[in-house]
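Results of the structural survey
Chain by chain, the residues:
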Amino acid sequence: MTEQLRTLSQSSLQDYSDCPRRFELRYIQRLTYPAAEAEPALENEKHQQEGEYFHRLVQQHLIGIPAEQVGKLANTDNLQRWWENYLHAPDLRGLAQRPVGGDLGGLYAEATLSAPLGNFRLVAKYDLIAIGGGKATIYDWKTYRKRPKNDWLHIRWQTRVYRALLVQAGAHLNGGNPFTPEQIEMVYWFADFPTEPAHFPYHADQYKRDWDALTKIAGEIRSASSFPKTDEVSKCSFCPYRSYCDRGIRAGDAADAELETAAEELFDINFEQIGEIAF
Ligand code: SF4
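Residues numbered from 1 in each chain as written. Predicted model: local features only at pLDDT ≥ 70, side-chain atom pairs only at ≥ 80, totals over all residues.

**What to know about the nonpolar core**
- One finds Leu122, Leu128, Ile129, Val161, Tyr162, Leu165 and Leu166 to be the most contacted residues of the largest nonpolar core, which totals 54 residues.
- Sequence-distant contacts of Ile129, defined by excluding residues within four places in its chain, comprise Tyr108, Ala111, Ala136, Ile138, Leu166 and Leu173. (Core = buried A, V, L, I, M, F, W, Y, C linked by C-beta atoms within 7 Å. Buried ≥ 20, exposed ≤ 12 C-beta atoms within 10 Å, placed from the backbone. Contact = placed C-beta atoms within 7 Å.)

**Side note on the confidence of the model for the protein**
- Residue-level pLDDT values for the protein average 86, and 82% of them are 70 or greater.
- At the low end of the mean pLDDT range in the protein sits strand 9 (residues 275-276), at 44; at the high end sits helix 7 (residues 157-169), at 98.
- Low pLDDT, under 50, characterises residues 264-279; the stretch is placed with 25 contacts to residues that sit more than four places away or in other chains. (pLDDT = per-residue confidence, 0-100. Helix = DSSP H or I, 4+ residues; strand = E, 2+ residues; numbered from the N terminus.)

**What to know about the packing of helix 1 (residues 10-18) against helix 7**
- Between helix 1 and helix 7, the least distance of the axes is 9 Å, while the angle of their chain directions is 140°. With respect to each other, helix 1 and helix 7 are oriented oblique. Every pair of crossing elements has a handedness; the one defined by helix 1 and helix 7 is right-handed. On helix 7, the residues touching Gln10, Leu13, Gln14 and Ser17 of helix 1 are Trp157, Gln158, Val161 and Tyr162.
- Split into classes, the residues belonging to the contact of helix 1 with helix 7 amount to four nonpolar, four polar and no charged. (Axes fitted to C-alpha atoms, helices over the stretch in contact; angles between N-to-C directions. Parallel < 35°, antiparallel > 145°, perpendicular 65-115°, else oblique. Left-handed = near helix turned anticlockwise from the far one by under 90°. Nonpolar A, V, L, I, M, F, W, Y, C, P; charged D, E, K, R; others polar.)

**Side note on the packing of helix 1 against helix 2 (residues 20-28)**
- Following both chains from N to C, one finds helix 1 and helix 2 inclined at 140°, their axes separated by 5 Å at the closest point. In terms of axis orientation, helix 1 runs oblique to helix 2. Facing helix 1, whose interface residues are Ser12, Asp15, Tyr16 and Asp18, helix 2 presents Pro20, Arg22, Phe23, Arg26 and Tyr27.
- Across the contact of helix 1 with helix 2, the residue classes tally to four nonpolar, one polar and four charged.

Quick look at the structure:
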């Protein structure tokens, strides 16, 4: 059933863990969204677009375009606030506040890594990997309206996949030597909560546990003969596939939905650009 599926990502794994049926509809059948993920729908859509645009602004800045120039493109209230927060965040010193013309060595914005995982390729697109001082820091920008709890973030597939994949497939960013887990840290920076980033260091035992879990879930997906609906009906309130499942018409609150249903489009990744270890 999954023969056509080539890649797995943090988003698809999260969907599979949350609801196998959603995984099937989104990644195997590739159905477009028939229902609004959250209410109010228009406002939610605008917030999502602003979030994507904010990522582009930061990326432009991190590849060397001066802050004054990029800042002119922050043309909505949300974008202006997020941009100002980014520029003045204490935890982003050295990134956001580096001098014009400053050294960009060691900054990999919008980097994509991939490694084999069972019969699949595990793929992740990073907002930023910053290498320096013998460390590799993964940054992920979030424009959530609510600051999620660290415990919730800690067990998300994103936190596990991004760190494990950097160990597995990041040697080309480290002079040909794989990073040790202890060299890696992941930082979620919240544009609306700029002084409350979430830090997740990494250790060898966590890496082993994560890679074992990834191998196991990839095997489970490959051999799955059915993709049942989740028993947790609360997950359906934010799911765009409600109408396929007879799980309600009304969408859930937007601020909750954005924590639950974020999906990445990885179908169009250019594999020529992906750094990876050899098979
Ligand atoms: S509506 Fe519920 S059961 Fe259906 S795909 Fe979404 S989360 Fe799964």
